[in-house]
2 protein chains.
Amino acid sequence: MTRSTTVQINGERLWSELESLAKIGALPGGGVCRLAFSKEDKQGRDYVEQRMRDAGLEVRIDPIGNILGVRDGTGPDRRLVLTGSHIDTVGTGGKYDGSLGVLAGLEVLQTLNEHQVQTHHAVGVVAFVNEEGVRFMPDMMGSLYVSGQLGLDEIEPIEGIDGKTIKECLDEVAFSGEDDIPVDFIKSFIELHIEQGPVLLDKELDIGIVDRVQGILWEEVVLEGESNHAGVTPMHRRRDAGYVASSIAAYVRTLTEEIEGLRGTVGALSLFPNLINVIAKEATMTIDLRHAEKDRLIQARDLLHQKINALCEKEKVRPSIKPLADVDPVIFDAQCVESVEKAAEALHYSSMRMISGAGHDAQIMASKWPASMIFIPSQDGISHNINEYSTPEHVEAGANVLLHAILDKAGMSTL
Amino acid sequence: MTRSTTVQINGERLWSELESLAKIGALPGGGVCRLAFSKEDKQGRDYVEQRMRDAGLEVRIDPIGNILGVRDGTGPDRRLVLTGSHIDTVGTGGKYDGSLGVLAGLEVLQTLNEHQVQTHHAVGVVAFVNEEGVRFMPDMMGSLYVSGQLGLDEIEPIEGIDGKTIKECLDEVAFSGEDDIPVDFIKSFIELHIEQGPVLLDKELDIGIVDRVQGILWEEVVLEGESNHAGVTPMHRRRDAGYVASSIAAYVRTLTEEIEGLRGTVGALSLFPNLINVIAKEATMTIDLRHAEKDRLIQARDLLHQKINALCEKEKVRPSIKPLADVDPVIFDAQCVESVEKAAEALHYSSMRMISGAGHDAQIMASKWPASMIFIPSQDGISHNINEYSTPEHVEAGANVLLHAILDKAGMSTL
């Protein structure tokens with residue numbers, strides 16, 4: 001990693017901000033718990049809001065708690081070149097997932113202030129609510145609201161895993177504002193995020209230029225067989241739901257070997273009655289398929305269903321397949337991707353174009369505005385874990401690429 | 001099925017006795033719950049004891065509650081030709097599993113009384129305690145005690161699934177007696193039981209002449225992999241304990257196709273954390289292998305372990321294999337088997353020699369005395385189920401075969 005001598009963010013300040021925010025909802029051992037719409041989440045949001053005000057930004061909070069900070073532009077077209085991410089976490093989350101994108105956005109705006117850089121377009125940073133979707137479904141709720149895909153009337157009655165509705169939470173912790181984000185003025189969205197996987201780490205690269213997000217197919221398969229004694233039932237008489245489930249799970253791996261780029265996971269599998277000497281009457285399993293191309297995802301699903309039906313017919317087991325999620329792959333805007341690529345090159349960071357395996361607010365924003373993402377390496381490729389970590393050098397590199405990608409989009413008039 | 005005109009048991013009385021005993025611990029819908037050492041079990045035992053006394057038998061109850069009823073012989077060698085089974089049930093048991101063997105034994109002795117048949121040897125019927133092993137492990141406890149394989153000091157402190165010890169249960173329900181079964185005087189043991197499987201049913205036969213009991217190998221396999229995000233983790237980086245577990249379960253079926261006569265079941269399989277989008281860090285599964293030949297069982301286990309190790313090495317998953325049970329196959333005594341076969345032939349019942357897939361008291365008794373078993377068909381091949389059923393005709397057939405096998409062993413002097 002070599003550093004350019006052009007305008008740079010303050011890496012030490014950004015690192016110190018990440019550490020300060022991580023104190024809110026801190027877990028023993030280093031992680032963070034700021035579940036969406038909780039008191040810790042609100043404290044974190046208050047912290048971010050105050051930092052935005054300290055930086056002289058114009059702050060807006062919308063009815064579900066999305067916070068926007070804006071630094072105005074100087075040109076005739078003052079539409080918003082937007083960055084940001086989220087500060088909510090999973091139950092045992094890390095310090096970087098989401099928080100990096102929000103605090104790096106703030107750091108970029110502070111850097112513009114300090115260097116007295118004027119931009120043609122306005123530049124903004126947003127902290128979306130409830131990206132994780134752990135307490136309240138669906139995930140990426142804040143960006144779904146901003147992009148008009150989910151209404152306030154749909155969001156408020158949603159009940160969390162603890163039985164509270166979002167409306168109750170918003171009222172209780174004084175979360176909501178009245179200033180909707182001016183969606184007609186958004187020009188583009190670029191999000192900086194940790195990779196949460198091992199690809200950059202394995203290739204020893206500094207920056208991921210994210211040009212696509214995988215599509216996702218989630219299904220639940222329930223298999224109905226017949227319970228019988230494991231000792232006395234001849235093999236040819238069995239209707240073993242557990243055997244069929246295992247064979248399906250093993251086939252999911254085979255599918256990933258046959259279809260290049262496919263990721264397939266059976267993360268959940270339960271048998272009933274789940275006893276050593278009783279053939280399983282019922283099996284419930286989930287299937288998670290991901291691919292960057294929609295056609296390949298459909299091909300994978302079709303082959304999987306053929307296999308399920310063939311196995312079930314042979315074993316006289318009755319399958320029922322329930323679709324749980326079907327998210328199309330996203331191709332990011334070519335120009336936004338180029339802005340990131342140019343920035344990484346200009347700053348002499350090693351980089352590659354890559355796909356995002358996980359879902360992010362940027363893919364929701366991409367449905368309405370030109371968007372792209374920047375990834376930095378995750379230590380050990382882990383995330384959603386208290387041991388989540390990225391080095392100060394990579395945090396700084398990511399924020400610098402974000403700065404220059406934004407300058408490219410916003411049309412810098414002074415450097 | 002055709003009936004012989006020789007001495008016969010009273011089929012209607014036996015059927016009515018099965019119905020009467022089934023009222024004790026009756027479940028809605030037709031089944032029975034008499035868990036070992038429970039109040040219902042005691043009521044059932046009191047019923048059996050009273051019936052033994054009504055039949056003029058000499059009754060002995062041993063310290064763990066095994067009940068023996070003896071009808072003396074007339075010869076110089078008055079050793080005991082023994083039959084019997086158990087009356088405890090699983091939580092949702094049927095009316096026939098165990099109870100048939102005890103009540104048919106009683107019916108045989110009453111028939112000998114009524115026909116004033118004198119036998120050289122004494123004839124006895126035993127109701128063993130805790131054959132099922134549902135509440136207190138191990139199963140077949142009563143016959144293990146009688147055959148000297150488990151001592152009173154080992155049995156009394158055993159804690160049940162409800163936290164009570166056997167000693168507490170014995171004291172509470174006044175279960176135990178002081179008259180140990182006179183083991184030195186046992187000559188042979190023949191047990192009548194429902195098949196609990198579909199073999200006789202499929203072949204439309206009346207009687208199974210059981211000449212062997214399968215050996216059993218039970219193992220628990222715990223697999224330690226690594227939790228990771230299902231979306232971002234490349235396939236080649238995964239250490240997926242769930243995938244390995246599923247592949248092992250699918251291979252167990254392959255093994256049964258490769259080794260003739262092998263039965264293999266994965267009845268229990270659990271993943272952790274068992275979430276749709278998280279690669280399983282840990283999998284716990286059980287493996288149940290059964291074969292009539294010890295060599296084949298060992299071959300199956302060795303092949304299985306090779307497969308587990310190969311899968312784990314490739315996926316970088318750490319296996320630990322815990323043996324849970326290792327019961328050798330039992331070959332029943334040739335003469336006891338012949339006594340059953342001759343009886344079935346003399347009575348013109350259709351029959352076949354067969355293997356027992358489940359464990360029974362007879363296999364424990366066989367470790368010390370000549371033994372064999374008689375099976376009758378189970379409707380739909382089901383057992384351990386409130387819908388367990390055998391027809392009155394098959395119940396009568398089984399008891400008649402038992403009667404004549406016992407007469408063969410006991411040396412009838414008058415018919």
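Nothing here was measured: the structure is a model prediction, and the numbers come from that model. (Residues numbered from 1 in each chain as written. Chains lettered and ligands numbered in written order. Predicted model: local features only at pLDDT ≥ 70, side-chain atom pairs only at ≥ 80, totals over all residues. Heavy atoms only, no water.)

> Where do I start with the relation of the copies chain B and chain A in this structure?
These two copies of the chain differ by a rotation about an axis and a displacement along the same axis. Laying chain B over chain A is done by rotating through 180 degrees and shifting 0.1 Å along the axis; what remains is an RMSD of 0.2 Å. A rotation of that kind, with that shift, is consistent with a two-fold axis. When C-alpha positions in chain B are compared against the rotation axis, the closest is assigned to Ser246 of chain B, at 2.1 Å. The residues that chain B uses at the interface reappear at the interface of chain A in 100% of cases, marking a shared surface. (Least-squares fit on C-alpha atoms with pLDDT ≥ 70 in both. Contact = heavy atoms within 4.5 Å.)

> Is there a simple way to think about the environment of Gly267 of chain A in this case?
Relative to the assigned elements, Gly267 of chain A resides in the loop between β9 (263-265) and β10 (269-272). For Gly267 of chain A, a relative accessible area of 0% gives the class buried. Separated by 108 residues in the primary sequence, Gly267 of chain A and Glu159 of chain A place their C-alpha atoms 25 Å from one another. Ignoring any residue separated from it by four or fewer positions in sequence, one finds Gly267 of chain A in contact with Thr286 of chain A together with Leu271, Asn274, Leu275, Ile276 and Val278 of chain B. (Helix = DSSP H or I, 4+ residues; strand = E, 2+ residues; numbered from the N terminus. Buried < 20%, exposed > 50% of the residue type's maximum accessible area, 1.4 Å probe, protein only.)

> What's the story with helix α2 (residues 39-54) of chain B in this structure? I'm lost.
Helical periodicity: at 3.6 residues per turn, an α-helix aligns residues three or four positions apart in one direction. All names here are of chain B. Taking 1.5 Å of rise per residue, 16 residues should cover 22 Å, and α2 covers 22 Å from first to last C-alpha, within 8% of that figure. Among the residues of α2, those classed as buried are Asp41, Lys42, Gly44, Arg45, Tyr47, Val48, Glu49 and Met52. Phi for Gly56, located one or two positions after α2, is positive at around 75 degrees. (Expected span 1.5 Å × (residues − 1).)

> I keep staring at the interface of chain B and chain A and nothing clicks. Help me out?
By a widely used convention, the size of an interface equals the accessible area lost when the partners come together. With 53 residues of chain B at the interface, the matching set in chain A holds 53 residues. Interface area for chain B against chain A, summed over the two sides, is near 4,300 Å², with a carbon-plus-sulfur share of 54%. Counting the contacts that link chain B with chain A gives four salt bridges. Residue Arg237 of chain A pairs with Asp202 of chain B through a salt bridge whose shortest N-O separation is 2.4 Å. For the interface between chain B and chain A, the tally reads 14 residue pairs in polar contact (both at pLDDT 80 or more). (Buried area = accessible area lost by both parts, 1.4 Å probe. Salt bridge = Lys/Arg side-chain N within 4 Å of Asp/Glu carboxyl O. Polar contact = N/O pair within 3.5 Å; in protein donor to acceptor, adjacent residues only side chain to side chain.)

> Whenever I open this one, the domain arrangement of chain A confuses me. Can you help?
All names here are of chain A. Split into domains, chain A comes out as domain 1 (11-214 + 329-410) and domain 2 (215-327). Counting from both sides, the interface comprises eight residues of domain 1 and, opposite them, 10 residues of domain 2. Area buried by domain 1 at its contact with domain 2 is led by Gln214, Pro329 and Gly357, which between them contribute 69% of it. At the junction of domain 1 with domain 2, the criterion picks out zero salt bridges. Run the count over domain 1 and domain 2 and you get one residue pair in polar contact (both at pLDDT 80 or more). Residue composition of the side of domain 1 that touches domain 2, grouped by class: four nonpolar, three polar and one charged. (Domains from an automatic or database assignment. Nonpolar A, V, L, I, M, F, W, Y, C, P; charged D, E, K, R; others polar.)

> Before we go on, may I ask you to explain the side chain of Lys409 of chain A in this structure?
In this fold, Lys409 of chain A is placed in helix α12 (residues 392-410). Those residues within four positions of Lys409 of chain A in sequence are excluded, and the remaining contacts are Val81, His121, Lys187, Ser188, Ile190, Gln335, Cys336 and Ser339 of chain A.

> I tried to follow the pattern of salt bridges on my own but got confused; where do I start?
Residues and elements named next belong to chain A. According to the stated counting rule, one finds 46 salt bridges over all chains in the structure shown. Residue Arg53 is joined to Glu49 by a salt bridge in which the shortest nitrogen-to-oxygen separation is 2.9 Å. With Arg53 and Glu49 both in helix α2 (residues 39-54) and four residues apart, the pair spans about one turn of that helix. Among the salt bridges present, the one from Glu58 reaches Arg60, with a minimum N-O distance of 3.7 Å. Residues joined in a network through salt bridges with shared partners are Asp211, Arg212, Glu341 and Arg353.

> Mind showing me how you'd approach the environment of Gly411 of chain B here?
Residue and element names in this part refer to chain B. Tracing the backbone shows Gly411 in the segment after α12 (392-410). Spatially, the C-alpha atom of Gly411 lies 9.3 Å from that of Gly73, the residues being 338 residues apart in sequence. Other than its neighbours up to four places away in sequence, Gly411 contacts Gln118, Thr119 and His120.

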